[in-house]
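Examining the three-dimensional arrangement
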Amino acid sequence: MPSFETGVRLLKNILIKKRSYSAFFADETDALHKAFPAKATVHTGPFGIPMLWNSARNFLEKKSFEPRQTEGIAYVHIPFCESRCLFCMFYQNPYSSEAADAYANTLIKEFELWNQRAAQNSAPIKALHFGGGMPKALEPTY
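The paragraphs below set out a description of the structure included in this document. Owing to the predicted nature of the structure, the values given are computational and were not obtained by experimental measurement. (Residues numbered from 1 in each chain as written. Predicted model: local features only at pLDDT ≥ 70, side-chain atom pairs only at ≥ 80, totals over all residues. Heavy atoms only, no water.)

**Focus: the overall build of the protein**
Cut-off, in case you're wondering: The secondary structure listing takes helices from DSSP runs of H or I that are at least 4 residues long and strands from runs of E that are at least 2 residues long, numbered from the N terminus. Relative accessibility under 20% of the residue-type maximum defines a buried residue, over 50% an exposed one, and the middle range a partly exposed one, all with a 1.4 Å probe and only protein chains included. Note on contacts: a residue pair qualifies if any of its non-hydrogen atoms lie within 4.5 Å across the two residues. The Shrake-Rupley method, run with a 1.4 Å probe sphere, supplies the accessible areas, and residue values consider only the shown protein chains as cover.
The helix and strand tally for the protein stands at five helices and four strands. Each helix (α) and strand (β) of the protein, taken in turn from the N terminus, gives the series α-α-α-β-β-β-α-α-β. Among the 142 residues that make up the protein, the fraction classed as buried is 22%. Across the protein, contacts joining residues at least 24 apart in sequence account for 76% of those joining residues at least 6 apart. Total accessible area computed for the protein in this model is approximately 10300 Å², and 61% of it derives from carbon and sulfur atoms.

Encoded structure:
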């Protein structure tokens, strides 16, 4: 998947150089994978610099030991969709109950792993948001 910056460049190219609004119309022939010509990843690391694998994990590990000074808001991303919405640029994975169950079990383990870190318990977390593709993918048993 292209970076956010690449997606912005593609969008500008379509809108400005080609003088076309086609970037706003989904390709319905394969909406699940390539609905929009300027699809981009928008989740990046600090200062808009993407962080992958070990660099992301090392950054999170270090930050997890730093106490927060203010109330927090937590976001849990649910990376599953039953179908691809034609307006959405965030599609990640097709939904299956097996994948959703495995993800939920991993989330629980991750919460347990990090729950004693200073970033988690130094100040209250006032809101917990579940979002992404299909938050109902997590069964009520969790």
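**With respect to the side chain of Arg117**
Looking at the element boundaries, Arg117 is found in the loop between helix H4 (97-114) and helix H5 (118-121). Setting aside residues up to four positions removed in sequence, Arg117 forms contacts with Glu61, Ser64 and Phe65.

**Side note on the packing of helix H3 (residues 53-64) against H4**
So the rule is basically this: Each axis is a line fitted through C-alpha atoms, and for a helix only the stretch in contact is used; angles between axes span 0 to 180 degrees, taken between their N-to-C directions. Orientation is classified from the angle alone, with under 35 degrees giving roughly parallel, over 145 giving roughly antiparallel, 65 to 115 giving roughly perpendicular, and any other angle giving oblique. For this classification, Asp, Glu, Lys and Arg are treated as charged, while Ala, Val, Leu, Ile, Met, Phe, Trp, Tyr, Cys and Pro are nonpolar and the rest, including Gly, are polar.
Two numbers describe how H3 lies on H4: the axes approach to 12 Å, and their chain directions differ by 45°. Taken together, the axes of H3 and H4 lie oblique to each other. Two secondary-structure elements touch here, H3 through Arg57, Leu60, Glu61 and Ser64 and H4 through Glu110, Leu113 and Trp114. Looking at the contact of H3 with H4, its residues break down into three nonpolar, one polar and three charged.

**Details of the side chain of Ser64**
In this structure, Ser64 sits in helix H3. Setting aside chain neighbours within four positions, we find Ser64 in contact with Trp114, Arg117, Ala118 and Ala119.

**Section: the nonpolar core**
Rule in force here: We call a set of buried residues a nonpolar core when its members are Ala, Val, Leu, Ile, Met, Phe, Trp, Tyr or Cys and they connect through side-chain atoms within 4.5 Å of each other.
Membership of the largest hydrophobic core is limited to nine residues, which are Val76, Ile78, Phe80, Ala100, Ala104, Leu107, Met134, Ala137 and Leu138. Elements with a contribution of two residues or more to this core: strand E1 (72-78) and H4. At three residues, the largest contribution of residues to this core is made by H4. Those residues in contact with Leu107, other than ones at most four positions away along the chain, are Val76 and Leu138.

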